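One letter stands for each residue in the lines below.
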Amino acid sequence: MSMLNRSAIIVIPKQPYIDWSKSVFGDDIPFELSGDDAIPVFLGPDADYTEEINAFVEKHFDFFFEHWLEAWCTDESLWPKRRTRKMFHEWFDVRVHSWVEDVVDAPFKVFGDRPEPGSETRSRSLKRSRSSGAADADGVRLPYFDPEDKPFLAG
């Protein structure tokens, strides 16, 4: 086993998110969490304390909010217009873990391309941008967090 230089961030929808999802498509496509496999685990920055990870989530709450909105509906005009930290915490439970271990004796595989260090497409923050970060399987640009850049820790 080896410890990874990452933290784990889990964002779990609560009833207000489920209510919003029903308002978008009605009961035609009901939102269901079908077990733990429906919840993504985000690998966040390496941190010694959960308070540091929570500060990172607080700074970048809109990234996590938009991730869940886009997972349900790609039409941004149907998303809540004004998203606040308060609303984020009303809509989602957040769990963070500072200890992440790799228990598989095999190399892991990263899906999608990561930008090269110093490339112009590299994002230094988690602000969602279709022109920065790595592309997922559908070609959607995702943000990239540089583990050496820790602006979330600045007071």
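Reading the values: rules and limits
Residues numbered from 1 in each chain as written. Predicted model: local features only at pLDDT ≥ 70, side-chain atom pairs only at ≥ 80, totals over all residues. Heavy atoms only, no water. Helix = DSSP H or I, 4+ residues; strand = E, 2+ residues; numbered from the N terminus. Buried < 20%, exposed > 50% of the residue type's maximum accessible area, 1.4 Å probe, protein only. Contact = heavy atoms within 4.5 Å. Areas by Shrake-Rupley, 256 points an atom, 1.4 Å probe, with all protein chains shown as cover. Pairing = 2+ DSSP bridges. Phe/Tyr/Trp six-rings, centres within 6.5 Å; stacked < 30°, edge-to-face > 60°. Salt bridge = Lys/Arg side-chain N within 4 Å of Asp/Glu carboxyl O. Core = buried A, V, L, I, M, F, W, Y, C linked by side-chain atoms within 4.5 Å.

Draft legend 1. Focus on the overall build of the protein chain. Per the secondary structure count, the protein chain includes 4 helices and 7 strands. Across the protein chain, helices and strands are ordered from the amino to the carboxyl terminus as β-β-α-β-α-α-α-β-β-β-β. The 155 residues of the protein chain split such that 37% are buried. Long-range contacts, defined here as pairs at least 24 residues apart, represent 67% of the contacts in the protein chain between residues at least 6 apart. Total accessible area computed for the protein chain in this model is approximately 9,900 Å², and 51% of it derives from carbon and sulfur atoms.

Draft legend 2. Spatial organisation of the pairing of strand β2 (residues 7-13). Judged by how many residues are buried, β2 sits mostly within the fold: 7 of 7 residues are covered. Judged from the 4 bridges that link them, β2 and strand β3 (residues 41-44) form a sheet pairing that is antiparallel. Residue Ala8 lies in a different strand from β3, and its bridge partner there is Leu43. One ladder, built from 6 bridges, connects β2 with strand β4 (residues 92-97); its direction is antiparallel. Residue pairing across strands places Ile10 opposite Arg95, the latter belonging to β4.

Draft legend 3. Inspection of the packing of aromatic side chains at higher detail. In this structure the tally under the stated criterion is 16 aromatic pairs. Measuring from ring centre to ring centre gives 6.3 Å for Tyr17 and Trp91, while their planes differ by 70 degrees; the resulting arrangement is edge-to-face. Here Tyr17 is found in helix α1 (residues 15-25), whereas its partner Trp91 is found in helix α4 (residues 85-91), with 74 residues between them in sequence. Of the two residues, Tyr17 and Trp91, both sit in the buried class. Pairing Phe63 with Phe64 gives two aromatic rings, centres 5.0 Å apart and planes at 75 degrees, and the pair type is edge-to-face. Phe64 matches Phe63 in its accessibility class, with the two residues each being buried. Grouping aromatic residues by their ring pairs yields a cluster made of Tyr17, Trp20, Phe61, Phe65, Trp68, Phe88, Trp91 and Phe92.

Draft legend 4. The arrangement of the pattern of salt bridges in detail. Applying the stated criterion to the full structure yields 5 salt bridges. Its salt-bridge partner being Glu66, residue Arg83 comes within 3.0 Å of it at the nearest N-O pair. Of this pair, Arg83 sits in the loop between α3 (61-72) and α4 while Glu66 sits in helix α3, and the two are 17 residues apart along the sequence. Close ionic contact of Lys86 with Glu90 constitutes a salt bridge, the shortest N to O distance being 2.8 Å. With Lys86 and Glu90 both in helix α4, this residue pair falls 4 residues apart, about one helical turn.

Draft legend 5. Main features of the nonpolar core. Of all hydrophobic cores here, the largest spans 27 residues; its most connected members are Ile9, Trp20 and Phe64. Mapped onto this core, the elements with two or more residues apiece are β2, α1, α2 (50-59), α3, α4 and β4. By residue number, the principal contributor to this core is α3, which donates 7 residues. Beyond its immediate sequence surroundings of up to four residues, Ile9 is in contact with Pro40, Val41, Phe42, Gly44, Ile53, Phe56, Val57, Phe64, Val94, Arg95 and Val96.

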